[in-house]
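# Observations on the three-dimensional arrangement
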Amino acid sequence: QEGSLCEWSPASATNTLAAALAEQRASAGTGVGAPHDSKEIDLAPIRVIQDEYATYSAVAVDNVRDEIVLQDENLFQILVYDRKANTPPSAKMTEPKRILGGPKTKIEFNCGLYVDPASGDIYSVNNDTTDTMVIFDHSAKGDVPPVRELHTPHGSYGIAVDEINQEMFFTVEHDNALVAYKKTAAGEDQPLRMIQGDHTQLADPHGVAVDAKNNWVFVVNHGSTHRVKDDPAKP
């Protein structure tokens, strides 16, 4: 299945939505349609990046260096593109500026992605066969070892970084948990804290985002859940 990244202009989407809502409210007054405050918009993207072999699992935008970074979970790669790259309709793919991949990188089933806004370092979370988060220098390419690794819980998926408090958050889908580490954590460093249990309502958590200004963490559940017990013999 072909991978693709689509980009929309916020201004065009907002203007199109405003026009659609105005039309909907006007038609409601004539008995056509219903006065809802939502509207589906069939809006074409302004740019598309395509690759016939990639399976894109995460995206990060590096505004400082004007680049887009994509995780390719199919070929265990990280692909870096110019932020304004666009695949022409006649082309099968857009050539990346840089590719990270190979045995030395330790990238496997890579899903979570973060780009350090200051250094440009790329943080990549492995979800399945390798329980690590690997970090690469901004300019790294090819089959090169990471500059830092962190042993993460099995099934770690999403990553978000609180730059104010210098902490990293990982969702753990299999154990329905959210774990926080120091941003500088490496090797066998342990989490600072964990959120887990029936009251959390975490259910196969995937996506995570941090509002550092207001000290909020937002987590998206994929859906399934199970109870985790220290001793299966206990009720």
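Above this text is the structure in question.
Residues numbered from 1 in each chain as written. Predicted model: local features only at pLDDT ≥ 70, side-chain atom pairs only at ≥ 80, totals over all residues. Heavy atoms only, no water.

Before going further, it helps to examine the overall build of the chain. A tally of regular secondary structure across the chain gives 1 helix and 16 strands. Going through the 235 residues of the chain one by one, you find that 38% of them count as buried. Within the chain, contacts between residues separated by at least 24 positions form 48% of all contacts whose residues are at least 6 apart in sequence. About 13,300 Å² of surface is accessible on the chain, with carbon and sulfur atoms providing 53% of the total. (Helix = DSSP H or I, 4+ residues; strand = E, 2+ residues; numbered from the N terminus. Buried < 20%, exposed > 50% of the residue type's maximum accessible area, 1.4 Å probe, protein only. Contact = heavy atoms within 4.5 Å. Areas by Shrake-Rupley, 256 points an atom, 1.4 Å probe, with all protein chains shown as cover.)

Despite not being glycine, aspartate 66 has its phi angle at roughly 60 degrees, a positive value. Mapped onto the fold, aspartate 66 is located in the loop between β3 (56-62) and β4 (67-72). Of the residues examined, aspartate 66 reaches a relative accessible area of 29% and is grouped as partly exposed. Despite not being glycine, phenylalanine 109 shows a phi value in the positive range, around 45 degrees.

Taken in spatial order, the 4 strands of this open sheet run β11-β12-β13-β14, and their pairing is antiparallel. Strand pairing shows two members of the sheet lacking a second neighbour, β11 (156-162) and β14 (193-196), which therefore form its edges. Sheet twist, expressed as the mean angle between neighbouring strand axes with direction ignored, is 20 degrees. (Pairing = 2+ DSSP bridges. Axes fitted to C-alpha atoms, helices over the stretch in contact; angles between N-to-C directions.)

The next thing to look at is the sheet that holds strand β6 (residues 98-101). Taking strand neighbours across the sheet as the criterion, the 4 strands line up as β3-β4-β5-β6 in an open arrangement whose pairing is antiparallel. Whereas interior strands pair on both sides, the edge strands pair on one side only; in this sheet they are β3 and β6. Mean inter-strand twist for the sheet, computed between neighbouring axes without regard to direction, equals 15 degrees. The pairing of β3 with β4 spans 6 bridges and is classified as antiparallel. Looking at the pairing, alanine 60 lines up with valine 69 of β4.

So, on to the environment of aspartate 211. In this fold, aspartate 211 is placed in strand β15 (residues 205-211). Spatially, the C-alpha atoms of aspartate 211 and valine 161 are 9.6 Å apart, while their sequence positions differ by 50 residues. Separated by 2.9 Å, the side chains of aspartate 211 and asparagine 214 make a polar contact. (Polar contact = N/O pair within 3.5 Å; in protein donor to acceptor, adjacent residues only side chain to side chain.)

All right, on to the packing of aromatic side chains then. As enumerated under the stated definition, the model contains 3 aromatic pairs in all. Each ring, one from phenylalanine 170 and one from tyrosine 181, has its centre 5.6 Å from the other, and the planes form 80 degrees; the classification is edge-to-face. With phenylalanine 170 in strand β12 (residues 167-172) and tyrosine 181 in strand β13 (residues 177-182), the pair connects residues that are 11 residues apart, well separated along the chain. Tyrosine 181 gets classed as buried once you look at its relative accessible area, which sits at 2%. (Phe/Tyr/Trp six-rings, centres within 6.5 Å; stacked < 30°, edge-to-face > 60°.)

Now for the nonpolar core. Among the nonpolar cores identified, the biggest contains 15 residues, and Tyr123, Met133, Leu150, Ile159, Met168, Phe170 and Tyr181 are the most heavily contacted of them. Elements with a contribution of two residues or more to this core: β8 (122-126), β9 (132-136), β11, β12 and β13. Apart from residues no more than four positions distant in its own chain, phenylalanine 170 is found in contact with Val125, Met133, Leu150, Thr152, Ser156, Gly158, Ile159, Ala177, Leu178, Val179 and Tyr181. Grouped together as the second largest cluster of nonpolar side chains are 13 residues, Ala60, Val134, Phe136 and Ala140 included. (Core = buried A, V, L, I, M, F, W, Y, C linked by side-chain atoms within 4.5 Å.)

So, on to the environment of glutamate 163. Residue position: glutamate 163 is located in the loop between β11 and β12. Expressed as a C-alpha distance, the spacing of glutamate 163 and valine 210, which sit 47 residues apart in the sequence, is 9.5 Å. When near neighbours in sequence (up to four residues on either side) are disregarded, glutamate 163 contacts Tyr114, Asp116, Pro117 and Lys183. Here lysine 183 takes part through its side chain, which lies 2.9 Å from a polar atom of the side chain of glutamate 163.

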